[in-house]
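Structural characterization, general
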Amino acid sequence: MAIATQGRGAKIGASLGRWAIPVLGGLAFLYLLLPIAYIFVFSFNEPARTNLTWRGFTFENWANPCGAPGVCQSVGVSIQIGLVATLIALVLGTLLAYGLDRFAFKFRDSMGFLIYLPLTTPDVVLGASLLAFFLNVGLELGFWTIVIAHSVFCMSFVIVTIRARIATLNPAIEEAGRDLYGSPSQVFLRVTLPQLIPGILAAGLLSFAMSFDDFIITNFNSGTVETFPKFVYVAAARGIPAEANVIGSAMFLIAVLVVVIGQVVPWLRKRRLRAAAAEPAPTTRALASRH
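Now for a look at the structure at hand. (Residues numbered from 1 in each chain as written. Predicted model: local features only at pLDDT ≥ 70, side-chain atom pairs only at ≥ 80, totals over all residues. Heavy atoms only, no water.)

Helices and strands together make up the secondary structure of the chain, namely 13 helices and zero strands. Across the chain, helices and strands are ordered from the amino to the carboxyl terminus as α-α-α-α-α-α-α-α-α-α-α-α-α. With 291 residues in all, the chain has 28% of them scored as buried. Put simply, 69% of the contacts in the chain that link residues at least 6 apart link residues at least 24 apart. (Helix = DSSP H or I, 4+ residues; strand = E, 2+ residues; numbered from the N terminus. Buried < 20%, exposed > 50% of the residue type's maximum accessible area, 1.4 Å probe, protein only. Contact = heavy atoms within 4.5 Å.)

By the definition in use, this model includes one disulfide. Disulfide partner of C66: C72, at an S-S distance of 1.8 Å. Handedness of the C66-C72 disulfide follows from its S-S torsion of about -90°: it is left-handed. Judged by its relative accessible area of 43%, C66 falls in the partly exposed class. (Disulfide = S-S within 2.5 Å.)

Another point: the pattern of salt bridges. Pairs may arise between side chains of opposite charge once their charged atoms sit close together. Applying the stated criterion across every chain yields a total of two salt bridges. Measuring nitrogen to oxygen at the nearest pair gives 2.7 Å for the salt bridge that ties R163 to D101. You can see R163 sitting in helix 7 (residues 143–167) and its partner D101 sitting in helix 3 (residues 71–102), a full 62 residues away along the chain. Taking the relative accessible area as the measure of exposure, R163 reaches 25% and is therefore partly exposed. With a closest N to O distance of 3.0 Å, R178 and E175 form a salt bridge. Residue R178 and its partner E175 are located together in helix 8 (residues 171–179), separated by three residues, close to a single helical turn. The partly exposed category is assigned to R178, whose relative accessible area is 39%. For E175, a relative accessible area of 37% gives the class partly exposed. (Salt bridge = Lys/Arg side-chain N within 4 Å of Asp/Glu carboxyl O.)

With that settled, the discussion passes to the nonpolar core. In this structure, L130, V158, I162, I166 and I217 are the most contacted members of the largest nonpolar core, which totals 23 residues. Listed by contribution, the elements that provide at least two residues to this core are helix 3, helix 6 (123–137), helix 7 and helix 9 (184–213). Ranked by residues supplied to this core, first place goes to helix 7 with eight residues. Not counting the four nearest positions on each side in its chain, I217 is found in contact with D123, L126, G127, L130, A149 and F153. (Core = buried A, V, L, I, M, F, W, Y, C linked by side-chain atoms within 4.5 Å.)

In structure tokens:
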């Protein structure tokens, strides 16, 4: 009797688990997307001084996303800063990640530990520290101080991502390149670097997104330069304009498109490889008939 009761309880628990996990996961997913859905819906709101109440549906905001003063200028500044900071972080971060994993030197473990500090340091502390540094060395706050600040924390993300990619590589391939009389630079450029490209692309997309999205560190070190997050923060006092919602929605859709492409392209490549492997090899008679 007890065994039957325990079996019935296990079945009920398993049934509840099969239902609870998808339901709770779906609710969490909806909770995460709710703010994005709000921004997307209100990007079609009829323009006015504020964008806090729904007045009517219109495509005017999407047809003219630069209608609000300063919104497109701030987006352009954020894109420029993101591209430059990402390029600097990718170059330095890739070389540093490769050096930490492929070469033995003194204090390597300590350096690897210090790389994670910008990831764990609060943005307020990091922004204030960089501000004090720039003021002490006499740098004028502006575009380049933002680039330097963004490169600092983006480099940590790049190193972590690239090191994860390096861990999956086979060192024997690099050893084969050296056995074929390749110099260290040739082995890195022709053997290692092509294998790192997926990790570099992932690190670059992550770095650009972190740079474009940053507000706290930027606010400390921007001076009079206005980025898109700063524009949204100032505009939030009177109701974020619908054009800013258009820019935010467009960036989200672009990110989704990049993710979809990143999933579809490898799937298509694997499908072609499976189809090519499934094709029967041509027989000798068939090859002779072709000639």
